Amino acid sequence: MGSGHCSPREQYKRSSAGAPPPTTRSADGPPELRIPAPRGTVVTVSNTLFRVARWAFRRRRLVLVVWLLLAVGMVVLAGASGGKTNDNFTIPGTEAQQTADLLKKKLPALSGGQTTVVFATQTPAKVTDPAAKAGIQQAVANLAKVPDVVSAADPFDSGTVSADGTVALGNVQWKQSPVDVPTASLDAVQTAVAPARQAGVQVEYSGSVYPGWEIKPSEVPELVGLVIAFVILMITFGSLVAAGMPILSAIIGVLTTIMAVTALAAVVNIASTSTTVALMLGLSCGIDYGLFIIARHRNNMLQGMDAHESVGLAAGTAGSSVVFAGLTVIIALCGLSVVGIPFLTVMGLAAAAAVFLALLLSLTLIPALLGFAGKKITTFSRLPFGRAHAERVAHEAANEPEKTHGARWARFVVRRRLPVLIVGVLFLLVLAIPALSMQLGLPGASSLPKDNTARKAYDLTTEAFGPGFNGPLLVVGDGVGSQSGVDTVVQGLHQVPGVAAVQPTPLVGNTAVVKVIPATGPNDPATADLVHRLRDNRARIEGPTGATVLIGGVTASDIDVSQKLSSALPVFLVVVIGLAFVLLTFAFRTIWVPIKSIIGFLLSVAAAFGAQVALFQWGWGEKIFGITKSETISFLPIIMIAIIFGLSSDYEVFVVSRIKEDFTRNGQAVAAVKRGTGLAARVVTAAALIMFSIFVAFMASPTPTIKAIGFSFAAGVFLDAFVVRLTLVPAVMAMAKASFWYHPQWFAKYVPDPDIEGEELQERLTHDSARPRQPAP
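Quick notes on the rules
Residues numbered from 1 in each chain as written. Predicted model: local features only at pLDDT ≥ 70, side-chain atom pairs only at ≥ 80, totals over all residues. Heavy atoms only, no water. Buried < 20%, exposed > 50% of the residue type's maximum accessible area, 1.4 Å probe, protein only. Helix = DSSP H or I, 4+ residues; strand = E, 2+ residues; numbered from the N terminus. Pairing = 2+ DSSP bridges. Salt bridge = Lys/Arg side-chain N within 4 Å of Asp/Glu carboxyl O. Phe/Tyr/Trp six-rings, centres within 6.5 Å; stacked < 30°, edge-to-face > 60°. Lys NZ or Arg CZ within 6 Å of the ring centre and 35° of its normal. Axes fitted to C-alpha atoms, helices over the stretch in contact; angles between N-to-C directions. Contact = heavy atoms within 4.5 Å. pLDDT = per-residue confidence, 0-100. Bend = angle between axes of the 7 residues up to and from the residue. Core = buried A, V, L, I, M, F, W, Y, C linked by side-chain atoms within 4.5 Å.

A. Structural context of the pairing of strand S10 (residues 511-518). The buried count for S10 comes to 7 of 8 residues, which makes it a mostly enclosed element. With 6 bridges joining them, strand S8 (residues 473-478) and S10 adopt antiparallel strand pairing. Across the sheet, residue Leu474 finds its bridge partner in S10, namely Lys515. Examined bridge by bridge, strand S9 (residues 499-504) and S10 share 5 bridges and lie antiparallel to one another. Following the sheet pairing, Ala501 is matched in S10 by Ile517. Between the antiparallel neighbours S9 and S10 lie 6 residues, among them Gly509 with a positive phi of about 65°.

Encoded structure:
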């Protein structure tokens, strides 16, 4: 046999013995160096998955019953536990949290939620007119009698009436934290202010808690996402049976996860956003992982393979990719723990649990469902349209993969790899330019729709008093011995630039509380500068009082959160990317796969950030999405990096594993890029579109924050899957050729081979099928 036709294993033996590596001539250029990857010690990941899938196939009724019992058990446990998620956020290690803890200890009456009631009239009418004033005062008196209200401040007594007499600000202090204020009490607020409305006064609300402040989550985005995912799967498979399996598996997974999280919420503080993120990722990953295994099994069946053997082979090949892809996502989500913010830690762990469950389901329940389906998996449903096309495409993908659209695209990318690489990178870099001006913060009332009561209150307050009244700072002096000490603190606060007004409250014990009104709005960078300036001048403000002054309040808390997230981001990146680098190097046995994957991720996520900044922060999407421009949500970058990095690694593994599988079998690097990308393109496209549609569905939410998150995730997935993984990755690998897979001999000796492409498994199956069967005795 000539050197150009020897098997990869024979080539490896020759090259390791010192013989020059063989070459083969590529259709695209000069002879291509064939450097097979040394195998080393093989870890039987694919063999293990093969056996697990075949066991699940045979014991399909047992597997289905176990999963259904687990889901039902979690539903019963969640109902019995009475657990509920909430939004009681704590940010350990920040001064704002220290201030909140001090108030809760020393002045519990001031540690609860607050409602600002804005009373307004249209000129020439004024709130000081007899009828309007009487109505407002009666409303305040009624508010003081509302259950759970500690106090209600009359604007005419506190002096919070605008200079033109058209706006007055009342304040309601609750004894509970915002999330613990009963809905009935908030409804009573609406009834209490009726006298003011009857007097012709406009009444709006803002603050940390107010009537209508909670936005009830809608199930519509999930349902819309599932419907779109089902349509995409129907187009991909042309079969109701094949399309329904990953949907069913994903639903069982997310139901089990959400119920488990709800049950856990009875003993652990869990943010409500944790279930939203877990739901998004559980659905999308569950569908995607099932899709990859089902597509591989169906191809095997269409090629004439026995169902029992096909399921095992699909799990051993596509399932191996699913395992490493899922582990990468789980690592990225668990990496949120390094930030040190409890609600992000819980969110990451809950989402990681959802992905882990999706992974287990794809490796056990999917083979079981394929066992129930039998040969029906290769049949095509009687659809009103597209049946013939789906059947033709399916047979082409299985038997003539070079004729598919994905194969044509792969050949184009490989043929034009240099210009494709240049254009693709430039496109992403241009999209990323706006990200350079990203401004982090926690969007407040100013970013809400104009018909929202908090937005109306914000606009009225800003026009009448100035933007700073929408975000006062709370200065707490601990150890102030007398009223003269309070006066000293107030005088020191007046001297700090950027302070518009100082409003002290009566001294209680030895603790003084002073409200500081900034000259700028709560989301203005100048307000953040003021908070830092107050803390830097702490000694001057304290003076000779001997007190300890802390700067807190909602606005200061938002600033502290943004700063803590920004400082934790580099550590988070190092931890997550470092662990993923090790995992992907182990999976593919070359450092170039993780390096390329990380660079591609950075390009796609930067481009997604740029698009988000342009549309939401700069306001280019105001008319498109019906939003008001505002800063980028402070926790969006770190959550998005975790999720998009994990998902981008998914697509990287799915594409590159098919290329590696072909290269390991044939030893032709450029040809392997064409064939592998072509084979992966259809399922990766379907998977990415499903993920994209689920994220886009969340943009239907009326909340600007959810819109921004949904858009950012959708943009990140779309750009990473189609621009990076299906375009730039094959272009780079075609340019690198066989040297892309090179690794030193010591690497093969000391690092086990997980056999992600299932070569060992396929060789064993080929050997077993060729071995003559012994006649039965």
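B. Highlighting the pattern of salt bridges. What the rule picks out here adds up to 13 salt bridges. Salt-bridge contacts for Glu652 lead to Arg725; the nearest nitrogen and oxygen are separated by 2.6 Å. Taken together, the residues span a long stretch of sequence, with Glu652 in helix H24 (residues 636-666) and Arg725 in helix H26 (residues 704-736) at a distance of 73 residues. Per residue, the accessibility class of Glu652 equals that of Arg725, and both read buried. Close ionic contact of Asp720 with Arg725 constitutes a salt bridge, the shortest N to O distance being 2.8 Å. There is no split in this pair, since Asp720 and Arg725 are both buried. What emerges from the salt-bridge pattern is a single network uniting Glu95, Arg535, Arg538 and Asp560.

C. Up close: unusual backbone geometry. The linkage connecting Thr123 with the following residue, Pro124, adopts the cis geometry, with an omega of 10°. If you trace the backbone, Pro124 turns up in the loop between strand S3 (114-120) and helix H5 (130-144). Non-glycine residue Lys737 carries a positive phi angle of around 55°. Mapped onto the fold, Lys737 is located in the loop between H26 and helix H27 (745-750).

D. Local environment of the packing of aromatic side chains. All told, the structure shown has 15 aromatic pairs when counted by the stated rule. Geometrically, the ring pair formed by Phe740 and Trp741 is edge-to-face, given 5.2 Å between the ring centres and 80° between the ring planes. As far as burial versus exposure is concerned, Phe740 and Trp741 are alike and both buried. In textbook terms, an aromatic cluster arises when at least three aromatic residues are bridged by ring pairs, as seen for Phe616, Phe625 and Phe711. Across from the ring centre of Phe57, 5.3 Å away, lies the NZ or CZ of Arg60, which sits over that ring. Its end group placed over the ring of Phe156, Lys133 keeps NZ or CZ at 5.2 Å from the ring centre.

E. Up close: the sheet that holds strand S6 (residues 202-207). Spatial strand order, S4-S5-S3-S6: 4 strands in an open sheet with antiparallel pairing. Each of the sheet's edge strands pairs with one partner strand only, and the pair in question is strand S4 (149-153) and S6. Going across the sheet, the axis of each strand differs from the next one's by a mean of 20°, ignoring polarity. The pairing of S4 with strand S5 (residues 167-174) spans 4 bridges and is classified as antiparallel. Each residue of the ladder has a partner; that of Ala152, found in S5, is Val172. The strands touched by H5 within the sheet are S3, S4 and S5, with S4 carrying the most contacts at an inclination of about 165°. Sitting on the sheet, helix H17 (residues 453-465) is in contact with S3, S5 and S6, with an inclination near 100° to S6.

F. Seen up close, the confidence of the model for the protein. Put simply, the protein has an average pLDDT of 84, and 88% of its residues get 70 or more. Ranking the elements of the protein by mean pLDDT puts helix H1 (residues 8-16) last, at 40, and helix H16 (residues 417-432) first, at 96.

G. Here's a closer look at the environment of Ala352. Tracing the backbone shows Ala352 in helix H13 (residues 342-373). In contact with Ala352, other than residues within four places in its own chain, are Ile330, Leu333 and Cys334.

H. Representation of the sheet that holds S9 in the model. Pairing is antiparallel across the open sheet formed by 4 strands, whose spatial order is S9-S10-S8-S11. The open sheet terminates on both sides in strands that have one partner only, identified here as S9 and strand S11 (548-552). Taking each pair of neighbouring strands and ignoring which way they run, the sheet shows an average axis angle of 25°. Running over the sheet, helix H4 (residues 95-106) touches S8, S10 and S11 and is turned about 115° from S11.

I. Broad picture of the pairing of S11. Burial within S11 is extensive, with 4 of its 5 residues counted as buried. Pairing of S8 with S11 involves 5 bridges; the strand directions are antiparallel. Looking across to S11, one finds that Val475 is bridged to Ile551.

J. Quick look at H26. At Val724, H26 shows its largest bend, some 40°. In terms of residue burial, H26 counts as a mostly covered element, since 27 of its 33 residues are buried. In the segment just after H26, Lys737 is the residue with positive phi, at about 55°.

K. How the structure looks around the nonpolar core. Core analysis: the biggest nonpolar cluster contains 165 residues, and Leu281, Ile287, Leu344, Phe695, Phe713 and Trp741 have the highest contact counts within it. Once you skip the residues sitting within four places of it in the chain, Leu281 turns out to touch Gly286, Leu333, Ala351, Val355, Ile643, Leu647 and Phe695. The next biggest cluster of nonpolar side chains, apart from the first, holds 28 residues, and it includes Ala139, Val140, Val146 and Ala454.

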